[in-house]
Structures are given as C-alpha cells and as structure tokens.
Amino acid sequence: MSSPYERLFVRKMQNCADDLVNEGASAGVAEPDNIGEALALVRSQDVPESQIHMTYCWIKECSEPVHWVNEHVHDYDEVLIWTGNNPDDPHDLGAEIYFDIEGHRHVVTQSGSVYIPAGTRHCPLGFNRVDRPFRFSALSLAPTYANRDYVPTTSE
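So, here's what we can say about the structure. (Residues numbered from 1 in each chain as written. Predicted model: local features only at pLDDT ≥ 70, side-chain atom pairs only at ≥ 80, totals over all residues. Heavy atoms only, no water.)

In terms of regular secondary structure, the chain is built from 0 helices and 9 strands. For the chain, the N- to C-terminal ordering of α and β elements is β-β-β-β-β-β-β-β-β. A buried classification covers 42% of the 156 residues belonging to the chain. Of the contacts made within the chain by residues no fewer than 6 positions apart, 74% connect residues no fewer than 24 positions apart. Accessible area of the chain: about 8,600 Å², with a carbon and sulfur share of 52%. (Helix = DSSP H or I, 4+ residues; strand = E, 2+ residues; numbered from the N terminus. Buried < 20%, exposed > 50% of the residue type's maximum accessible area, 1.4 Å probe, protein only. Contact = heavy atoms within 4.5 Å. Areas by Shrake-Rupley, 256 points an atom, 1.4 Å probe, with all protein chains shown as cover.)

In structure tokens form, the structure reads like this:
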C-alpha cells in the first residue's frame, strides 16, 4: 500500500536554473564555469504544499575571482548556506566568497549561512578563490523564487 505522504518526497531533484532569475543568462551574466547544476531540493512546482523554495549546487575550483549573482531584492526572507566538504573540519569552507548586503562587502571563508530579511538589497555574490568544491544552497521562504525590481531611493 502506498503512503499518503509519498507526494511530499522529492526523489529526483530537477534542474531549476530557469527559476533563478538573478543568475546566469536570465540576469545577463554568463554562467561561470565553476558553478555546478542548480538542483531543486523542494519547491512548489514539485511539492504543491511547499511554502519554501530550496536549491543547491556544487561550486567548483577557481583561482581567479568569479562574479556569479547580481544585486537584487526579494519580497520574502531568504537564507543562503555554504558548506565545505571536509568532514574532519566542518568549518573549513576551502574557499573565499564575497557577498554584499545593502552595499556593504562581506568576505566569507568558513562554512555558514546568512539570513536576508525581505526587502534587503543583497549581492553581488562571487568567489575570490575556491580551493576545493563546496555546496551552496539558497532557501527562499516563499513557494517560488522571484525578485522585485530594485529602484534606489534618493537617499542612497
């Protein structure tokens, strides 16, 4: 007998590059060579009851700076997560990420995450270097990934 909860499982993650409108060709940025396939962990297209949109991809090695995501704003909260692949030192990212929040540059070299409240300008996002692959995830606290057009105010 089949479980009534089977519909809640994602058994084969689908490519979700077309969902991610702030990255790659959708944003007018060439997809960097060191970015792996964007896969959907859960989203409303696959699990209709889902109230979140969560993706992941592998970030591969690079020795030169790489720009990946343009500045944008969402109408929902978002969490970005980067996880190294060293089981003996889970804090070791093996990379250096740059990430802007409201125009303030942050450099990340350890596994971790950042919470981005709705309406907060964030990115660009890229890599100064990647010594070994790591996993990058984006958790949108909304059923679908979307952005709103950013219009600077006169005070900015």
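Turning next to a nonpolar patch on the surface. Among the surface-exposed residues, Y5, L8 and F9 lie close enough to one another that they form a single nonpolar patch of about 330 Å² accessible area. Structurally, L8 is set in the segment before β1 (39-42). For L8, a relative accessible area of 39% gives the class partly exposed. (Patch = residues over 30% accessible without salt bridge, like charges linked within 9 Å, V, L, I, M, F, W, Y side chains within 5 Å. Salt bridge = Lys/Arg side-chain N within 4 Å of Asp/Glu carboxyl O.)

Glancing now at the pattern of salt bridges. A complete count under the given rule lists 9 salt bridges for this structure. With a closest N to O distance of 2.5 Å, E49 and R7 form a salt bridge. In this pair, E49 sits in the loop between β1 and β2 (53-59) while R7 sits in the segment before β1, placing the two residues 42 residues apart along the sequence. A relative accessible area of 37% places E49 in the partly exposed class.

With that settled, consider the side chain of H72. For H72, the position within the fold is in the loop between β3 (66-69) and β4 (78-83). Since its relative accessible area comes to 4%, H72 is described here as buried. One polar contact links H72 to H74, side chain to side chain, over a distance of 3.1 Å. (Polar contact = N/O pair within 3.5 Å; in protein donor to acceptor, adjacent residues only side chain to side chain.)

With antiparallel pairing, the 5 strands of this open sheet are ordered in space as β1-β2-β9-β4-β7. Both outer strands of the open sheet, β1 and β7 (112-116), are each paired with one neighbouring strand and no more. Within the sheet, the average angular offset between the axes of one strand and its neighbour, ignoring direction, is 20 degrees. The pairing of β4 with β7 spans 5 bridges and is antiparallel. Counterpart to W82 in the pairing with β7 is G112. (Pairing = 2+ DSSP bridges. Axes fitted to C-alpha atoms, helices over the stretch in contact; angles between N-to-C directions.)

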